[in-house]
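# Observations on the model geometry
Residue strings, one per chain:
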Amino acid sequence: RDEPHLAEFLWRYDQMNPEQRGFDMTISADLPEDVIAKARSAFQAMQPRIIHDNEELSQVIIKDEESNTEHPLIIGTQQYATDSVFGRGSTGYVAYEPEIGRVVWLKDFWRIARADHPKEGSIYSKIAARSIPHTAHKLYSGDVLGHTTLSQEFVGKGWACVTSPNICRLQH
């Protein structure tokens, strides 16, 4: 074809900054050496060893929706990722929480963003309030600001692939 769609797409993509390209700006690899040392020490104490000495560590900031406070977590590579093309992209990380000085689990996924669909963090808070045994303990929960799907806006557009009309908005 003589249409320059691919060339135009690549040019536009090249002009974008990392945030516009979809990078999560709440993650940073620029960490103080003392924080890295504490995180590595905590990871080394784990058995079996999951985070290795030469693995790059990053910091992710979690803004807790209940307390409206920000909390840093130090993470390595993801330890879990769904192998399904369907679903909401669940991933998991072993993380070091410097405020409490211990290793925790970070669950990362895209939630259904509807008022009638409760957030998972609020469900865990209700479970904890009832002292239900043998359930995961939640430290923090919240959304990644600015990470919302747009696919649902284009259902039925003439140029879009034919798909289910039931695509709903997801929030990271």
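Here's a quick rundown of the structure. Note that the structure is predicted; figures quoted are calculated from it, not measured.

Before going further, it helps to examine the overall build of the protein chain. Regarding its fold elements, the protein chain presents 3 helices and 8 strands. Relative to the globule expectation of 16 Å for 172 residues, the C-alpha radius of gyration of the protein chain, 20 Å, shows a markedly less compact shape. Along the three orthogonal principal directions, the C-alpha set of the protein chain runs to about 60 × 40 × 30 Å. Buried residues in the protein chain amount to 26% of all 172 residues.

What follows is about the nonpolar core. Counting residues in hydrophobic clusters, the biggest one holds 12 residues: L31, V35, I36, A39, A42, F43, M46, I51, L57, I74, V94 and Y96. Of all the secondary-structure elements, those providing two or more residues to this core are helix 2 (33-44) and strand 5 (91-97). At 5 residues, the largest contribution of residues to this core is made by helix 2. The residues touching Y96, leaving out its near neighbours within four places in the chain, are K38, A39, A42, F43, P72, L73, I74, G101, R102 and V103. Counting 9 residues, the second-largest nonpolar core is a separate cluster that includes V60, I62, I75 and L106.

Within the secondary structure, G146 is located in the loop between helix 3 (120-129) and strand 8 (170-171). Exposure remark for G146: the relative accessible area of 73% places this residue in the exposed category. Counting along the chain gives 121 residues from G146 to M25, while the straight-line C-alpha distance between them is 9.8 Å.

This next bit is on the pattern of salt bridges. Any two side chains of opposite charge can pair, given that their charged atoms come close. All chains considered together, the criterion is met by 7 salt bridges. Measuring nitrogen to oxygen at the nearest pair gives 2.9 Å for the salt bridge that ties R12 to E8. Of this pair, R12 and E8 both sit in helix 1 (residues 5-15), 4 residues apart, which is roughly one turn of the helix. As a salt-bridge pair, D143 and R111 come within 2.9 Å of each other at their nearest N and O atoms. Linking D143 in the loop between helix 3 and strand 8 with R111 in strand 7 (residues 111-112), this pair joins segments that are 32 residues apart in sequence. Owing to a relative accessible area of 15%, R111 belongs among the buried residues under this scheme.

Thresholds, definitions, all that
All residue numbers refer to position in the chain's written sequence, counted from 1. With pLDDT at 70 or above as the cut-off, local features in this predicted model cover only qualifying residues; side-chain atom pairs require 80 or more to be listed or tallied, and sums for whole chains, interfaces and linings still use all residues. The side-chain values count all of the structure's non-hydrogen atoms but skip hydrogen atoms and water molecules. Helical segments are the DSSP runs of H or I of at least four residues, strand segments are the runs of E of at least two, and each set is numbered from the N terminus. As a reference, a globule follows 2.2 Å times the number of residues to the power 0.38, and the radius of gyration itself is taken over C-alpha atoms. Classification of residues uses two cut-offs on accessible area relative to the type maximum, computed with a 1.4 Å probe and protein chains only: under 20% is buried, over 50% is exposed, and between them is partly exposed. Residue types Ala, Val, Leu, Ile, Met, Phe, Trp, Tyr and Cys, when buried and joined through side-chain atoms within 4.5 Å, form a set referred to as a nonpolar core. The contact definition used throughout considers only heavy atoms, calling two residues in contact when any of these lie within 4.5 Å. By definition, a salt bridge exists where a carboxyl oxygen of Asp or Glu is found within 4 Å of a side-chain nitrogen of Lys or Arg.

Purely spatial values, then, with no claim about function.
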